[in-house]
Amino acid sequence: MAVWSLHGVALDSRLLLGTAGYPSPQVLREAIAAAGAQVVTVGLRRTLAAAGDNGFVAMVRTSGARLLPNTAGCRTAREAVALAHMARELFGSTWIKLEVVGDEHTLQPDPWGTLEAAARLVRDGFAVFPYCTDDLVSCQRLLDAGCEVLMPWGAPIGSGQGLLNPWALRTLRARLPGVPLVVDAGIGAPSHAAQAMELGFDGVLLNSAVAQARDPVAMARAFARAIEAGRGGFEAGVMARQDMAVASTPVTGRPFLIP
Amino acid sequence: MPAEPTVQINGERLPWVAGEHVAGALARIGVASDQVATALNGEFVARNRRAATPLAPGDVLTVFRPIVGG
């Protein structure tokens, strides 16, 4: 039974999986299956050579998962717009994970370039999934530009640091109710993904944490369970945090009234 | 003697051929046109526009293929 949707596509799984860096196409295929991922990311590379990817792309195309092409490597809105159009032609999908990077060391999204490209791509008929920071106002401007989904970072791409600013992510969730929010980037461990889900995020997109695991297939399964557990916790209602202890056993003061 | 006019394809300089279009350039370098996407001077050139998009001296043609990605 579908539990959520992205751009009108019903999905059971809240785990979106990247496809780069796996030891073999077979391991990638098994990881996608173990994750239960229904959306996987792909990319484009400037190359003339037809061979050389060892069948990874062919495997991804036949995995049954919906493809979400990205604009990885783009540094300007113009580059991202051109790459998005090329991705649409090659993958036959209007979905695009929009990446416009503004800093070489952190690979932090450029909010201005991302917004400029998003507005153009929405006008061109794309379903834009912007990779963005957790800045609330930047996110609001992306929604104003026509984005229906937001993908704020948890931490820099590939860093595995987890959610560096839970307050900002919690604020996004509180201020943007009803908007599908997917934490994209920086997730390193299943507990990070569970935390994102407990914050009320709708999904998690990750790649390196699975691809670089000693056993990617087992890690994909672990992430799927963590995401399910975290979402379950959010839906059940996590208790309010207290600064001091609050006794749970309903005793009346101390057990013995002995002076 | 002036230098021969060239075009660049993925960083490689090739002689410019008068009257050649994007589709012709792909054929000249042996690239199967249905497996790549193209941009001319940074602007997307759709598959159905390649035969109508001429190359000029100094043009930069970029050819992309699908890969795995995050």
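See the structure shown above.
Residues numbered from 1 in each chain as written. Chains lettered and ligands numbered in written order. Predicted model: local features only at pLDDT ≥ 70, side-chain atom pairs only at ≥ 80, totals over all residues. Heavy atoms only, no water.

**Notes on the side chain of His 192 of chain A**
All names here are of chain A. Filter applied, for reference: Helix and strand definitions follow DSSP, with helices as H or I runs of at least four residues and strands as E runs of at least two, each counted in order from the N terminus. Polar contacts, as used here, are pairs of N or O atoms within 3.5 Å; protein pairs need one atom able to donate a hydrogen and one able to accept it. Residues neighboring in sequence count only if both atoms are side-chain atoms. A contact between two residues is defined here by any heavy atoms of the two lying within 4.5 Å.
Counting through the fold element by element, His 192 comes out in helix H7 (residues 190-198). A distance of 2.9 Å separates a polar atom in the side chain of His 192 from the backbone nitrogen of Gly 188. Among all residues touching His 192, those that are not within four sequence positions of it are Gly 160, Gln 161, Gly 162, Leu 163 and Ile 187.

**As for the interface of chain A and chain B**
To keep it simple, the criterion reads: As a working definition, buried area equals the accessible area (1.4 Å probe) given up by two parts on being put together, with both sides summed. A pair is scored as a salt bridge if a Lys or Arg side-chain nitrogen falls within 4 Å of a carboxyl oxygen belonging to Asp or Glu.
Counting residues at the interface gives 30 residues for chain A, matched by 25 residues for chain B. Interface of chain A and chain B: buried area, both sides summed, is about 2,200 Å²; carbon and sulfur atoms make up 63% of it. If you sort the residues of chain A by the area they bury against chain B, Leu 48, Met 86 and Glu 89 of chain A come out on top, with a joint share of 30%. Counting across the interface, chain A meets chain B through two salt bridges. Ionic pairing is found between Glu 43 of chain B and Arg 78 of chain A, a salt bridge with its closest N-O pair at 2.9 Å.

**A look at the packing of aromatic side chains**
Residue and element names in this part refer to chain A. For clarity, the threshold we go by: Ring pairs are drawn from Phe, Tyr and Trp, using the six-membered ring of Trp, whenever the two centres fall within 6.5 Å, and their geometry is named by plane angle: stacked under 30 degrees, edge-to-face over 60, tilted for the rest. Using a 1.4 Å probe on the protein chains alone, a residue whose accessible area is under 20% of its type maximum counts as buried, one over 50% counts as exposed, and one in between counts as partly exposed. To sit over a ring, a charge needs its Lys NZ or Arg CZ within 6 Å of the ring centre and within 35 degrees of the ring normal.
Across all of its chains, the model carries one aromatic pair over all chains by this definition. With a centroid separation of 4.9 Å and an interplanar angle of 45 degrees, the aromatic rings of Trp 95 and Phe 129 are classed as tilted. Pair noted here: Trp 95 is in strand S6 (residues 95-98) and Phe 129 is in strand S7 (residues 127-132), with a separation of 34 residues, a long-range link. Like Phe 129, Trp 95 is buried. Sitting above the plane of the Tyr 131 ring, Lys 97 keeps its charged end 5.9 Å from the centroid.

**Considering the packing of helix H5 (residues 136-144) of chain A against helix H6 (residues 166-175) of chain A**
Residue and element names in this part refer to chain A. Spelled out, the test is: Axis definition: a line fitted to C-alpha atoms, over the contacting stretch in the case of helices. Angles run 0 to 180 degrees between N-to-C directions. Oblique is the label for every angle not falling under 35 degrees (roughly parallel), over 145 degrees (roughly antiparallel), or within 65 to 115 degrees (roughly perpendicular). Each crossing is labelled by how the near helix is turned from the far one, with a counterclockwise turn of less than a right angle marking it left-handed and a clockwise turn marking it right-handed. Each residue receives one of three labels: charged for Asp, Glu, Lys and Arg, nonpolar for Ala, Val, Leu, Ile, Met, Phe, Trp, Tyr, Cys and Pro, and polar for the others, Gly being one of them.
H6 packs onto H5 with a crossing angle of 40 degrees between their chain directions and a minimal axis gap of 10 Å. One element, H5, and the other, H6, form an angle in the oblique class. At the point where H5 passes H6, the crossing takes the right-handed sense. Between H5 and H6, the contacting residues are Leu 136, Cys 139 and Gln 140 on the first element and Thr 171, Leu 172 and Arg 175 on the second. Across the contact of H5 with H6, the residue classes break down as three nonpolar, two polar and one charged.

**So, the environment of Thr 6 of chain B**
All names here are of chain B. Among the secondary structure elements, Thr 6 is positioned in strand S1 (residues 6-9). Overall, Thr 6 belongs to the partly exposed group, its relative accessible area being 22%. Non-local contacts of Thr 6, meaning those with residues more than four positions away in its chain, are made with Arg 13, Leu 14, Pro 15, Trp 16, Pro 57, Gly 58 and Asp 59.

What is shown is where atoms sit, not what they do.
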